[in-house]
Number of protein chains: 2
Amino acid sequence: MQEHDVLCRAYARLLIREGVNLQPGQRLVLTCPVERADFARLCAEEAYAAGCAEVLLRWEDDQISRLKYLYAADAVFDRVNPWDALLPDTLSAEGAAWLAVHAEDPAHLKGVDPARIRRASAASGAALAAFRKRETHNEFPWCVCSVPTAAWARTVFPDLDEDAAMERLWTEIFRACRVTGGDAVPAWRAHSETLHRRVEALNRYVFRTLHYRNALGTDLTVELPEGHYWAGGAEKCLTSGLDFSANIPTEEVFTLPKRDGVNGVVAASRPLSLNGNIVEGLRLTLQNGKITDICAAQGAEIVRAATETDEGASCFGEVALVPSRSPISESGVLFYNTLFDENAACHFAFGDAYPCIHGAEEMSAEELLARGANSSVIHVDFMVGTPDLSIVGTTAAGETIPVFTDGNFAF
Amino acid sequence: MQEHDVLCRAYARLLIREGVNLQPGQRLVLTCPVERADFARLCAEEAYAAGCAEVLLRWEDDQISRLKYLYAADAVFDRVNPWDALLPDTLSAEGAAWLAVHAEDPAHLKGVDPARIRRASAASGAALAAFRKRETHNEFPWCVCSVPTAAWARTVFPDLDEDAAMERLWTEIFRACRVTGGDAVPAWRAHSETLHRRVEALNRYVFRTLHYRNALGTDLTVELPEGHYWAGGAEKCLTSGLDFSANIPTEEVFTLPKRDGVNGVVAASRPLSLNGNIVEGLRLTLQNGKITDICAAQGAEIVRAATETDEGASCFGEVALVPSRSPISESGVLFYNTLFDENAACHFAFGDAYPCIHGAEEMSAEELLARGANSSVIHVDFMVGTPDLSIVGTTAAGETIPVFTDGNFAF
């Protein structure tokens, strides 16, 4: 138990120091499930130790949330309470740090009307547009991380009793985040440098298209917009110029697809936890960037409702490369949590694009859209990587380059 | 454990049905320590079962709060974040119900600079003035209740292990609230009627002054303002006309003193939990309503800081009568929690007055002050009742009537 406390402390410190890279005098918004108040307190301690001006808690509870979706008055799902918009708006404008401890029961919204989820998501997207834009453009430092909760651990390790499942999930999280006791910062920085080297290699090729194929039936061509770049590892906050790590853990390098340039069929390689529901055996068909067909063994209606949220919800917004040989992938664990599962395999997201286009911060929303960057209030990652995945890139000059062979980087 | 669940459910239902008397379509604000999320979920379930439009959680955590008082930037204590003011302001104006599950570690702010507590309290008083006024005038239904937390239970029962202390505290709470399993509403209503009968008896006398005396050294004369009335038990919401119970449990009947009409010495008969600190052996001297001297065996500086919050903080705002023969008093337990301790003994409060003056809702703040109703952003109850307490009332006609003899009502 003492060893566990040491690791938790090291993880909390990593999140504050490298995740949001908190500076003296800065405020911190911390979202956390009430069930993990112990970890929130550790993060608050580390934040104040780093000179935080004020730690503001936004507590979450899956069960209260489920009760609301089931029983609240219908009008509730078309609005956001003004105080819930004022906080993110004010704090993102002042450049406060944002640490999200994300750990939900993957099935906590099972049985809820998908239309209520879609409407709430649309209302939230509209009310939080300024906040989301600042987040997307890295105008403030933010970091998403996870800690075990009982319901989540039970879903991931259904054969273990609750204590054992919690312990195992902690172990997997510490491993994925390179937290081994003592100071976790140097190992994390070394890992971030590895991701930077992959980014540089990809950026040298300047691919025009990527062609995905595997035995699951994926046969998809993805066009990349002119001026796109790949990103991954620590990023720079646009306003302060300081590094931060938006995801801990992370294994991905990513860019955006041209919103109307995705064609073919893509099969999800892992179940997807979406809006408190589990989607299995997902298969999407795309024509000129639009999702035109959605099949799934379970949960197709949840995906359908999500893609109907707004205009951009049915187009892709992210292309991410993750090798099969990464700690999360090699653990063989299915986490039912995007932060982990997206880092176990190559993935796409439908919905909003991170504007990985040179000069994006100077462009209007219209210019970005014209350049091919998708826009939506949703952003849903789903995994497509398999051990036999091949990706072939084509450059502007028409040269074809193997990018992935047998599920790993070819270079 | 099953029996326990039944009692918890009955208590939650009592709070929703009789405490705030929630109506279909009404919103509910629920404050609760994160540690008691289980009880918050029960209350939310009961609220939705009663037709609640939306349950809004305001989670609290003593440890996060302590970290803030110890380490946050100094400027934080002179302001209230605008979203924290917008929520109570908006919801009190619309007549939402307000249920506060209050259960703090009585010593969680020990060692914190009292000036920070006083400044935060003043800032909060100013920012929430409209909300507090609506609360004081019963313009929306509100209810304060308590459930055990580990730190609180350990303080109350230091000789028991944590599980036993928690169980014992639950037992005391259920007993004080007349929750015995099944529907708790009828027993609570019967108790409320008993309090109404005491109120009627006191109101018939129209006392001019009350004279308190006991062997602890209390010798205090309290003038009551012209047009005052006594209250207790269920109250009426001014806007809806519906009954609600502002405290569950409650044993008191109360009115307000004339703010400049309190003279003598009063000794607290129990320790007082104030702003996360414990005050022992408190003794106050008053002249023409003003506290002119503060002595205590422990924590005098905490009381001094509180009385310096604003002009009215050093005058009395409440006179409350509680017989020695009441369940909380007879339990012999010292709860270090005002909701219980104030209902174990006669008490006063320094700070803001509940405007128990006929026609108060039509009066301006200035008129109320001129009539003798004290005004402050604080309201601190402290216990003075003892088994030998005598209170003698004097009517306008000069007749003296025994009100309390040997710690109990004389009539």
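What counts and what doesn't
- Residues numbered from 1 in each chain as written.
- Chains lettered and ligands numbered in written order.
- Predicted model: local features only at pLDDT ≥ 70, side-chain atom pairs only at ≥ 80, totals over all residues.
- Heavy atoms only, no water.
- Salt bridge = Lys/Arg side-chain N within 4 Å of Asp/Glu carboxyl O.
- Helix = DSSP H or I, 4+ residues; strand = E, 2+ residues; numbered from the N terminus.
- Buried < 20%, exposed > 50% of the residue type's maximum accessible area, 1.4 Å probe, protein only.
- Pairing = 2+ DSSP bridges.
- Contact = heavy atoms within 4.5 Å.
- Buried area = accessible area lost by both parts, 1.4 Å probe.
- Phe/Tyr/Trp six-rings, centres within 6.5 Å; stacked < 30°, edge-to-face > 60°.
- Core = buried A, V, L, I, M, F, W, Y, C linked by side-chain atoms within 4.5 Å.
- Least-squares fit on C-alpha atoms with pLDDT ≥ 70 in both.
- pLDDT = per-residue confidence, 0-100.
- 1 Å grid on protein atoms, 1.4 Å probe; cavity = no way out; pocket = protein on both sides within 12 Å on 5 of 7 lines; lining within 4 Å.
- Points joined across faces, edges and corners; volume = space filled by probe spheres on them.
- Nonpolar A, V, L, I, M, F, W, Y, C, P; charged D, E, K, R; others polar.
- Polar contact = N/O pair within 3.5 Å; in protein donor to acceptor, adjacent residues only side chain to side chain.
- Axes fitted to C-alpha atoms, helices over the stretch in contact; angles between N-to-C directions.
- Parallel < 35°, antiparallel > 145°, perpendicular 65-115°, else oblique.
- Expected span 1.5 Å × (residues − 1).

Some words on the pattern of salt bridges
Residues and elements named next belong to chain A.
Phase 1: Evaluation of the coordinates by the stated rule reveals 45 salt bridges over all chains.
Phase 2: Among the ionic pairs, Asp 74 bridges to Arg 119, the shortest N-O distance being 3.3 Å. Placement of Asp 74 in the loop between α3 (62-71) and α4 (82-93) and of Arg 119 in helix α5 (residues 114-127) is noted, with a sequence separation of 45 residues between them.
Phase 3: Judged by its relative accessible area of 17%, Arg 119 falls in the buried class.

Let's talk about the pairing of strand β3 (residues 97-101) of chain A
In summary, the side chains of a regular strand alternate between the two faces of the sheet.
Residue and element names in this part refer to chain A.
Phase 1: With 5 of 5 residues buried, β3 lies mostly within the body of the structure.
Phase 2: Of the two faces of β3, the one carrying Ala 97, Leu 99 and Val 101 and the one carrying Trp 98 and Ala 100 are both buried.
Phase 3: Here strand β1 (residues 27-33) pairs with β3 via 4 bridges, running parallel. Within β3, the position partnered with Leu 28 by the bridge is Ala 97.
Phase 4: Pairing geometry for β3 and strand β4 (residues 142-145), over 4 bridges, is parallel.

Considering the interface of chain B and chain A
Phase 1: On the side of chain A, 31 residues touch chain B, which itself brings 31 residues to the contact.
Phase 2: Both sides together, the interface formed by chain B and chain A hides about 2800 Å², and carbon and sulfur atoms give 68% of it.
Phase 3: Interface area lost by chain B to chain A is led by B:Arg41, B:Tyr48 and B:Trp83, which between them contribute 25%.
Phase 4: On the surface where chain B and chain A come into contact, there are 6 salt bridges.
Phase 5: Between A:Glu54 and B:Lys68 there is a salt bridge, and its shortest N-O distance comes to 3.7 Å.

A closer look at the packing of aromatic side chains
Residues and elements named next belong to chain A.
Phase 1: Taken as a whole and assessed by the stated rule, the structure comprises 46 aromatic pairs over all chains.
Phase 2: Ring plane angle 50° and centroid distance 6.4 Å describe the contact between Trp 142 and Phe 244, whose orientation is recorded as tilted. Note that Trp 142 is positioned in strand β4 and Phe 244 in strand β9 (residues 243-244), a separation of 102 residues in sequence. No difference in accessibility class separates Trp 142 from Phe 244, as the two residues are buried.

Side note on the nonpolar core
Phase 1: One finds A:Tyr11 and B:Tyr11 to be the most contacted residues of the largest nonpolar core, which totals 132 residues.
Phase 2: Residues within four places of B:Tyr11 in sequence aside, it is in contact with B:Phe39, B:Cys145, B:Ser146, B:Val147, B:Trp170, B:Ile173, B:Phe174, B:Cys177, B:Val179 and B:Ile248.

A closer look at the relation of the copies chain B and chain A
Phase 1: In screw terms, the move from chain B to chain A is a rotation of 180° and a rise of 0.0 Å along the axis, fitting with an RMSD of 0.0 Å. Look at the turn and shift together and you get a two-fold axis relating the two. Of every C-alpha in chain B, the one belonging to B:Trp83 sits nearest the axis of rotation, 2.3 Å from it.
Phase 2: Taken together, the interface assignments show that 100% of the residues at the interface of chain B recur at the interface of chain A, consistent with an identical surface on both copies.

Focus: the sheet that holds strand β18 (residues 379-383) of chain A
Residues and elements named next belong to chain A.
Phase 1: The sheet built from 5 strands is open, its strands ordered β7-β10-β16-β17-β18 with antiparallel pairing. Strand pairing shows two members of the sheet lacking a second neighbour, β7 (231-232) and β18, which therefore form its edges.
Phase 2: The pairing of strand β17 (residues 347-351) with β18 spans 5 bridges and is classified as antiparallel. Looking across to β18, one finds that His 347 is bridged to Met 383.

A short note on the confidence of the model for chain A
Phase 1: Looking at chain A as a whole, its pLDDT mean stands at 95, while 100% of the residues score no less than 70.
Phase 2: Listed scores for the predicted complex are pTM 0.91 and ipTM 0.90.

Focus: the layout of surface pockets
Residue and element names in this part refer to chain A.
Phase 1: Its boundaries defined by the atoms lining it, the second largest pocket holds a volume of some 650 Å³.
Phase 2: Along the wall of the second largest pocket there are 27 residues; nearest its centre are Asn 138, Ala 234, Glu 235, Lys 236 and Cys 237.
Phase 3: Of all the secondary structure elements, the ones that give two or more residues to the lining of the second largest pocket are α1 (2-19), α9 (185-205), β7 and β8 (235-236).
Phase 4: The element best represented in the lining of the second largest pocket is α9, accounting for 5 residues.
Phase 5: Residues belonging to the lining of the second largest pocket are distributed by class as follows: 12 nonpolar, 7 polar and 8 charged.

What about the side chain of A:Thr218?
All names here are of chain A.
Phase 1: With respect to the helices, strands and loops of the structure, Thr 218 is situated in the loop between β5 (207-213) and β6 (219-223).
Phase 2: With a relative accessible area of 2%, Thr 218 lands in the buried category.
Phase 3: At 2.9 Å, the side chain of Thr 218 forms a polar contact with the backbone nitrogen of Ala 267.
Phase 4: What Thr 218 contacts, discounting residues up to four positions off in sequence, is Tyr 212, Arg 213, Val 265, Val 266 and Ala 267.

Comments concerning the packing of α3(A) against α5(A)
To describe two helices that pack against each other, one gives the angle between their axes and the distance between the axes.
Residue and element names in this part refer to chain A.
Phase 1: Interhelical geometry of α3 versus α5 gives an angle of 110° and a closest axis separation of 9 Å. By the criterion of interaxial angle, the relationship of α3 to α5 is roughly perpendicular. Every residue of α5 that contacts α3 at Lys 68, Tyr 69, Leu 70 and Tyr 71 is listed here: Arg 116, Ile 117 and Ala 120.

Section: the sheet that holds β3(A)
Residue and element names in this part refer to chain A.
Phase 1: The 4 strands lie next to each other as β2-β1-β3-β4, forming an open sheet whose pairing is parallel. The open sheet is flanked by β2 (54-60) and β4, the only strands paired with a single partner. This sheet shows a mean twist of 15° between the axes of neighbouring strands, independent of strand direction.

Points about unusual backbone geometry
Residue and element names in this part refer to chain A.
Phase 1: Ile 248 connects to Pro 249 through a cis peptide bond whose omega is 10°.
Phase 2: For Asn 21, which is not glycine, the phi torsion reads 50° and is therefore positive.
Phase 3: As for its position among the elements, Asn 21 is in the loop between α1 and β1.

Looking at the packing of helix α2 (residues 37-49) of chain A against helix α3 (residues 62-71) of chain B
Phase 1: Where α2(A) meets α3(B), the closest approach of the two axes is 10 Å, and the angle between their N-to-C directions is 5°. One finds that α2(A) runs roughly parallel with respect to α3(B). Along the contact surface, α2(A) presents A:Ala40, A:Arg41, A:Ala44, A:Glu45 and A:Tyr48, while α3(B) presents B:Gln63, B:Ile64, B:Leu67, B:Lys68 and B:Tyr71.
Phase 2: Looking at the contact of α2(A) with α3(B) residue by residue, the class counts come to 6 nonpolar, 1 polar and 3 charged.

Here we look at the environment of A:Asn343
All names here are of chain A.
Phase 1: Among the structural elements, Asn 343 can be located in the loop between α12 (338-341) and β17.
Phase 2: It is 7.3 Å that separates the C-alpha atoms of Asn 343 and Ser 329, two residues lying 14 residues apart in sequence.
Phase 3: From its side chain, Asn 343 meets the backbone nitrogen of Glu 251 in a polar contact 2.8 Å long.

A word on the pairing of strand β11 (residues 262-267) of chain A
Residues and elements named next belong to chain A.
Phase 1: Where β6 and β11 come together, 4 bridges link them in antiparallel fashion. Bridge pairing in β11 places Leu 220 opposite Gly 264.
Phase 2: Of the strand pairs in this sheet, β11 and strand β14 (residues 283-287) are connected by 4 bridges, and their pairing is antiparallel. The residue bridging Gly 264 from the neighbouring strand is Leu 286, located in β14.

What about helix α8 (residues 162-176) of chain A?
Every α-helix carries 3.6 residues per turn, so stepping three or four residues along brings you back to the same face.
Residues and elements named next belong to chain A.
Phase 1: Across its 15 residues, α8 extends 21 Å between first and last C-alpha, which sits within 8% of the 21 Å expected from 1.5 Å per residue.
Phase 2: Residue Asp 161 occupies the N-cap position of α8, its side-chain oxygen lying 3.2 Å from the main-chain nitrogen of Asp 163.
Phase 3: With its phi angle positive at about 60°, Arg 178 sits one or two positions after the end of α8.

As for the environment of B:Lys290
Residue and element names in this part refer to chain B.
Phase 1: Its location among the elements puts Lys 290 in strand β14 (residues 290-295).
Phase 2: Looking at Lys 290, the relative accessible area reads 32%, which means it is partly exposed.
Phase 3: The spacing of Lys 290 and Glu 311 is 21 residues in sequence and 9.8 Å in space, taken between C-alpha atoms.
Phase 4: Setting aside its immediate chain neighbours within four residues, Lys 290 contacts Thr 285, Glu 311, Ser 314 and Cys 315.
Phase 5: A polar side-chain atom of Lys 290 sits 2.9 Å from a polar atom in the side chain of Ser 314.

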